[in-house]
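# Results of the structural survey
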Amino acid sequence: MGYYPYYARSSGFTPLNIAASKLTHLNYAFADISSDNKIIMANPSIDLKNFADLRQLKKSNPQLKTLISVGGWDYSKNFSNAAATAASRETFAQSCVEFIVAHGFDGIDLDWEYPVSGGLPGNSNRPEDKQNYTKLLQAIRSKLDKQSQIDGRPYYLTIAGAAGGGFLNKIEPVAVASLVDYIFIMGYDIHGSWDRYADFNAPLYTPSDPSPQYSFSVSDSVQSYLKSGVPASKLVLGMPFYGYRYTIEEGGGLYSPFTSARSVGYDTLVSTYLSDPAFEQFYHWEAMVPYLVSDNMFISYDDPDSIAEKTRYAKNKGLAGVGAWALSHDKKATLLSSAYNVLYR
């Protein structure tokens, strides 16, 4: 499963450039929710071109299922309102079915960031989101099943969930899992620019190193979902095709204080940093992820080896599969191929 962000088109990476033969599910990010509780295009002038390309992509890759992903960090403002009442849920669910039928999608992916609390300032949220999330999924599932009876096509319903255990406390995990085809665990942003110290974006396992801040890992996240009652067969392990670049004090490295940090896509890592002799390459054999250090920078990222390791982990745990945010960071499909080869070869 891979996410394609709408804005990738502006850099010349259109849906037609996606290595679709290495995907089973492709999530288009993102659609928005209107003030009257309907799914709407966030960027119509770009989205319509991308939708046309997605339909063409599917013609040459008939195994590919495309889903419209709603929300994300930028477009989750009205999720709570859409889920709040039976009437608003009915309106939203019906608009979802009409949207996917009109534009040729095979399903819908909810990326609500976040129910109950969290997300951007100004997002609507309420304590009842925990129960309303389940009710919203029930409404959508019912509408999708009815549409399947009409046209004989299967329709998919998935969600994206945060890596941290706090997200699981804001939803009803077992009930949610019973309604969706898959839960995409966002197995990244475990550490980042919001922290005080440079750390790993997505460590597979929690390092035993003494750390000045909280310690957590991808494996911890998966275990949290499993312990909450979500079947392994419903889980897709999301992996980052990007890292974080920290500006640190000279002579620092992992766990050093930093003055600034920003995300860096894998393609940029390869073209700018991995080829720069000023950076020394390391691999943390407990966290099972690589990192780079120079005089004043620390970079956490994933490479083909760490992606393969995470894919083997998902396979050994009996998970449904793996996924990526975002395909546009890996235009040559180097990381995608690494995951694919572990799964299918």
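The sections below set out a description of the structure shown in this document. Only a predicted model underlies this, so the values are computations on that prediction, with no experimental measurement involved. (Residues numbered from 1 in each chain as written. Predicted model: local features only at pLDDT ≥ 70, side-chain atom pairs only at ≥ 80, totals over all residues. Heavy atoms only, no water.)

## Section: the sheet that holds strand 13 (residues 297-300)
Within the open sheet, the five strands sit side by side as 10-9-13-12-11. Their pairing is antiparallel. Unpaired on one side and paired on the other, strand 10 (258-265) and strand 11 (280-284) mark the two borders of the sheet. The mean angle between the axes of side-by-side strands here comes to 20 degrees, regardless of whether they run parallel or antiparallel. In terms of strand pairing, strand 9 (residues 242-248) meets strand 13 through four bridges, oriented antiparallel. Residue Arg245 lies in a different strand from strand 13, and its bridge partner there is Ile299. Across the sheet, helix 8 (residues 266-273) lies against strand 9, strand 10, strand 12 (289-293) and strand 13, angled at about 110 degrees from strand 10, the strand it touches most. (Pairing = 2+ DSSP bridges. Helix = DSSP H or I, 4+ residues; strand = E, 2+ residues; numbered from the N terminus. Axes fitted to C-alpha atoms, helices over the stretch in contact; angles between N-to-C directions. Contact = heavy atoms within 4.5 Å.)

## Observations concerning the pairing of strand 6 (residues 156-162)
Where burial is concerned, most of strand 6 is hidden: seven out of the seven residues are buried. Burial along strand 6 is two-sided: Tyr156, Thr158, Ala160 and Ala162 facing one way and Leu157, Ile159 and Gly161 facing the other are all buried. As defined by bridge partners, strand 5 (residues 107-112) adjoins strand 6 across four bridges and the pair is classed as parallel. Note that in strand 6 the partner of Asp109 across the bridge is Thr158. As a crossover connection, the stretch from strand 5 through helix 4 (residues 129-151) into strand 6 is right-handed. (Buried < 20%, exposed > 50% of the residue type's maximum accessible area, 1.4 Å probe, protein only. Right-handed = clockwise from strand over helix to strand, strands pointing away.)

## Regarding empty space enclosed by the protein
Scanning the entire structure with this criterion turns up one cavity of 30 Å³ or more. One number sums up the size of the largest cavity: a volume of about 50 Å³. His191, Asp199, Pro203, Pro207, Ser211, Tyr214, Ser215, Phe216 and Tyr255 are the residues that line the largest cavity. Broken down by class, the residue content of the lining of the largest cavity amounts to five nonpolar, three polar and one charged. (1 Å grid on protein atoms, 1.4 Å probe; cavity = no way out; pocket = protein on both sides within 12 Å on 5 of 7 lines; lining within 4 Å. Points joined across faces, edges and corners; volume = space filled by probe spheres on them. Nonpolar A, V, L, I, M, F, W, Y, C, P; charged D, E, K, R; others polar.)

## Regarding the packing of aromatic side chains
For any pair of aromatic rings, the description consists of the separation of the ring centres together with the inter-plane angle of the planes. Scanning the model with the defined rule gives 29 aromatic pairs in all. Put simply, the rings of Tyr188, Trp194, Phe200, Tyr242, Tyr244, Tyr246, Phe258, Phe282, Tyr291 and Phe298 pair up and form one aromatic cluster. Here the guanidinium or amino end of Lys22 rests over the ring plane of Tyr340, the centre of that ring lying 5.6 Å away. (Phe/Tyr/Trp six-rings, centres within 6.5 Å; stacked < 30°, edge-to-face > 60°. Lys NZ or Arg CZ within 6 Å of the ring centre and 35° of its normal.)

## Some thoughts on the layout of surface pockets
Empty space within the largest pocket amounts to approximately 840 Å³. Forming the walls of the largest pocket are 30 residues, and the residues nearest its centre are Trp73, Glu113, Tyr188, Asp189 and Tyr242. At the level of elements, strand 4 (65-72), strand 7 (182-186), strand 9 and strand 10 are the ones that each hand at least two residues to the lining of the largest pocket. Counting residues per element, the lining of the largest pocket draws most heavily on strand 10, at three residues. Among the residues forming the lining of the largest pocket, the class breakdown is 20 nonpolar, six polar and four charged.

## A word on the pattern of salt bridges
Following the criterion strictly, the structure yields eight salt bridges and no others. The salt bridge involving Lys310 is made with Asp302; its shortest N-O contact spans 2.9 Å. Grouping residues by exposure puts Lys310 and Asp302 together as buried. Where salt bridges share partners, they join Lys58, Asp106 and Arg153 into one cluster. (Salt bridge = Lys/Arg side-chain N within 4 Å of Asp/Glu carboxyl O.)

## A word on the packing of helix 9 (residues 304-316) against helix 10 (residues 334-344)
For the pair helix 9 and helix 10, interaxial distance at closest approach is 8 Å and the crossing angle is 35 degrees. Crossing hand, helix 9 versus helix 10: right-handed. Taken together, the residues of helix 10 that come into contact with helix 9 (itself represented by Pro304, Ile307, Ala308, Thr311, Arg312 and Lys315) are Thr334, Leu335, Ser338, Ala339, Val342 and Leu343. Grouping the amino acids of the contact of helix 9 with helix 10 by side-chain chemistry returns seven nonpolar, three polar and two charged. (Left-handed = near helix turned anticlockwise from the far one by under 90°.)

## Describing the nonpolar core
Ranked by size, the top nonpolar core spans 101 residues in total, and within it Ile68, Phe92, Ile108 and Leu110 carry the most contacts. With sequence-adjacent residues up to four places away left out, Ile108 is seen in contact with Ile39, Leu67, Ile68, Val70, Cys96, Ile140, Leu144, Tyr156, Leu157 and Thr158. (Core = buried A, V, L, I, M, F, W, Y, C linked by side-chain atoms within 4.5 Å.)

## Considering the packing of helix 3 (residues 86-103) against helix 4
Remark: helix 3 packs on helix 4, axes separated minimally by 9 Å, with the N-to-C direction vectors making an angle of 40 degrees. Judged by the angle between their axes, helix 3 and helix 4 are oblique. Where helix 3 crosses over helix 4, the two elements pack in a sense that is right-handed. Here Arg89, Glu90, Phe92, Ala93, Gln94, Val97, Ile100 and Val101 of helix 3 lie close against helix 4, whose contacting residues are Asn132, Lys135, Leu136, Ala139, Ile140, Lys143, Leu144 and Gln147. Across the contact of helix 3 with helix 4, the residue classes break down as nine nonpolar, three polar and four charged. (Parallel < 35°, antiparallel > 145°, perpendicular 65-115°, else oblique.)

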